[in-house]
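In case you want the letters, here they are:
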Amino acid sequence: MMTETEEPRRERSTEAFFGRRNGKTLRPLQRSIRDELLPLLKLDLSQAAPNDLRGLFTAQVDKVRLEIGFGGGEHLLHEAARFPTSGFIGVEPFVNSMAKLVVDLHDNPLQNIRLYDDDATQVLDWLPEASLDGIDLFYPDPWPKKKHWKRRFVSQKNLDRFARVLKPGSPFRFASDIDTYVNWALQHCREHGDFEWQAETSADWHTPYEAWPSTRYEQKAHREGRIGAYLTFLRR
Ligand SMILES: C[S@@+](CC[C@H](N)C(=O)[O-])C[C@H]1O[C@@H](n2cnc3c(N)ncnc32)[C@H](O)[C@@H]1O
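Cut-off values and rules
Residues numbered from 1 in each chain as written. Predicted model: local features only at pLDDT ≥ 70, side-chain atom pairs only at ≥ 80, totals over all residues. Heavy atoms only, no water. Helix = DSSP H or I, 4+ residues; strand = E, 2+ residues; numbered from the N terminus. Buried < 20%, exposed > 50% of the residue type's maximum accessible area, 1.4 Å probe, protein only. Contact = heavy atoms within 4.5 Å. Areas by Shrake-Rupley, 256 points an atom, 1.4 Å probe, with all protein chains shown as cover. Lys, Arg positive; Asp, Glu negative; His and termini not counted. Charge placed at Lys NZ, Arg CZ, Asp CG, Glu CD. 1 Å grid on protein atoms, 1.4 Å probe; cavity = no way out; pocket = protein on both sides within 12 Å on 5 of 7 lines; lining within 4 Å. Points joined across faces, edges and corners; volume = space filled by probe spheres on them. Nonpolar A, V, L, I, M, F, W, Y, C, P; charged D, E, K, R; others polar. Near = heavy atom within 4 Å. Polar contact = N/O pair within 3.5 Å; in protein donor to acceptor, adjacent residues only side chain to side chain. Sits in = over half its atoms within 2 Å of the grid points. UniProt positions renumbered as here; feature names shortened; annotations may be inferred. Expected span 1.5 Å × (residues − 1).

1. Re the overall build of the protein chain
Looking only at helices and strands, the protein chain has seven helices and seven strands in total. For the protein chain, the succession of helices and strands along the chain, N to C, is α-β-α-β-α-β-α-β-α-β-α-β-α-β. With respect to the three principal axes, the spread of C-alpha positions in the protein chain is 50 × 40 × 30 Å. Buried positions account for 52% of the 236 residues belonging to the protein chain. The contacts of the protein chain with a sequence gap of at least 6 include a subset with a gap of at least 24, amounting to 78%. Of the accessible surface of the protein chain, which amounts to about 12,200 Å², a share of 51% is contributed by carbon and sulfur atoms. Between the centroid of the 34 positive side chains of the protein chain and the centroid of its 35 negative side chains there is a distance of 5 Å.

Encoded structure:
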């Protein structure tokens, strides 16, 4: 039986989410801030998406970008502060990561962030066609064992979703420290046909994005001796 303070445990909620949703029990203050603020920031997928996504934000924005699986939120917060006239949708199903981000936003409010705390495929299917100016997927769960590769977020089905919601010419940015996932992403994007890889030379793989703040997962990879590859694909 669940107590009042427990979160529902799910290993797999929908087709593309296979990870853990819960870690340590939230501290009472963290929980109360999350409970107060997340409902205000969370996208309501039970309502039709607005045709013009800019209306989702209190800030006046001229672009809208999506970050899938923001983890500690280092990049999402950094980009949202760097581009106050862009709106950012951040998706993260891991309860503790979402609570951390909501507390960060409580302490340092930004008017150009909206959130969603479940599987990003739900948001992708909700968004109107050609409505996004960029999708970031940094260090997605690697699923290194071959028998689990089919769980990887990059798949033909999810690339179809990306292709539907991205405006032509907009970037899908991907980073990973797992060689087989980097090759997997390159191969899937090549086979898909709607994405063009932007790289002048193979050295570009290891050149971080402009003003890259790094992320918690990347720092751990570096400590363990793995370096990231940064790939940018443009929606044709
Ligand atoms: C390895 S972590 C990387 C986090 C962060 N991007 C970083 O670089 O530190 C992958 C994140 O993706 C999230 N995730 C996994 N499946 C997801 C899905 N279907 N939709 C959205 N996020 C997902 C996980 O909860 C996890 O926080």
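Moving on from the coordinates now.
2. Structural notes on the layout of surface pockets
Each pocket or cavity is described by its volume, and for the largest pocket that value is around 1,100 Å³. Along the wall of the largest pocket there are 43 residues; nearest its centre are Gly71, Glu92, Phe94, Ser97 and Asp141. Mapped by element, the contributors of at least two residues to the lining of the largest pocket are β1 (63-68), α3 (95-107), β4 (135-138) and α7 (216-223). Grouping the amino acids of the lining of the largest pocket by side-chain chemistry returns 19 nonpolar, nine polar and 15 charged. One number sums up the size of the second largest pocket: a volume of about 270 Å³. The wall of the second largest pocket is formed by 15 residues, among which Arg65, Glu79, Phe83, Pro171 and Arg173 lie closest to the centre.

3. Some points on the site of the ligand
What surrounds the ligand is a group of 18 residues, the closest being Gly69, Glu92, Ala120, Phe138 and Thr215. With respect to the ligand, the side chain of Glu92 contributes an N or O atom lying 2.5 Å from an oxygen atom. Here an oxygen atom of the ligand and a side-chain polar atom of Thr215 are 2.7 Å apart. Compared with its free state, where it exposes 600 Å², the ligand has 90% of that area covered by protein. Taking a 2 Å distance to the grid points as the criterion, the majority of the atoms of the ligand fall inside the largest pocket. For the shell around the ligand, a count of residues per class yields eleven nonpolar, three polar and four charged.

4. Details of the UniProt feature "binding site: substrate" (unreviewed entry) in the protein chain
Feature annotation in UniProt places "binding site: substrate" (unreviewed entry) on Lys145, Asp177, Thr215, Arg216, Tyr217 and Glu218, given in this structure's numbering. These annotated residues cover 74 residues of sequence, and their C-alpha atoms reach 23.3 Å apart at the extreme, placing them across more than a single site. Of the annotated positions named here, the largest pocket is lined by Thr215, Arg216 and Tyr217. With respect to the element layout, Thr215 can be found in the loop between β6 (195-197) and α7. Beyond its immediate chain neighbours, meaning those up to four positions away, Thr215 contacts Glu74, His75 and Tyr139. Relative to the assigned elements, Glu218 resides in helix α7. The residues contacting Glu218, other than those within four sequence positions of it, are Tyr139, Trp212 and Tyr230. Looking at Glu218, its side chain comes within polar contact range of the side chain of Trp212, at 2.8 Å.

5. So, α3
In this model, α3 (13 residues) spans 18 Å end to end at C-alpha, consistent with the 18 Å of a helix rising 1.5 Å per residue. All of the buried residues along α3 are Val95, Asn96, Ser97, Met98, Ala99, Leu101, Val102, Val103 and Leu105. The elements touched by buried residues of α3 are α1 (28-41), α2 (74-82), β2 (86-91), β3 (113-116) and α7.

6. Regarding the UniProt feature "binding site: S-adenosyl-L-methionine" (unreviewed entry) in the protein chain
According to UniProt, the positions carrying the feature "binding site: S-adenosyl-L-methionine" (unreviewed entry) are Glu67, Glu92, Asp119 and Asp141. Taking the farthest pair of C-alpha atoms as the criterion, the annotated set spanning 75 residues converges on one region, since that pair is 14.1 Å apart. From the set just named, the residues that line the largest pocket comprise Glu67, Glu92, Asp119 and Asp141. Structurally, Glu67 is set in strand β1. We classify Glu67 as buried; its relative accessible area is 4%. From its side chain, Glu67 meets the backbone nitrogen of Leu76 in a polar contact 3.4 Å long. By secondary structure assignment, the location of Glu92 is in the loop between β2 and α3.

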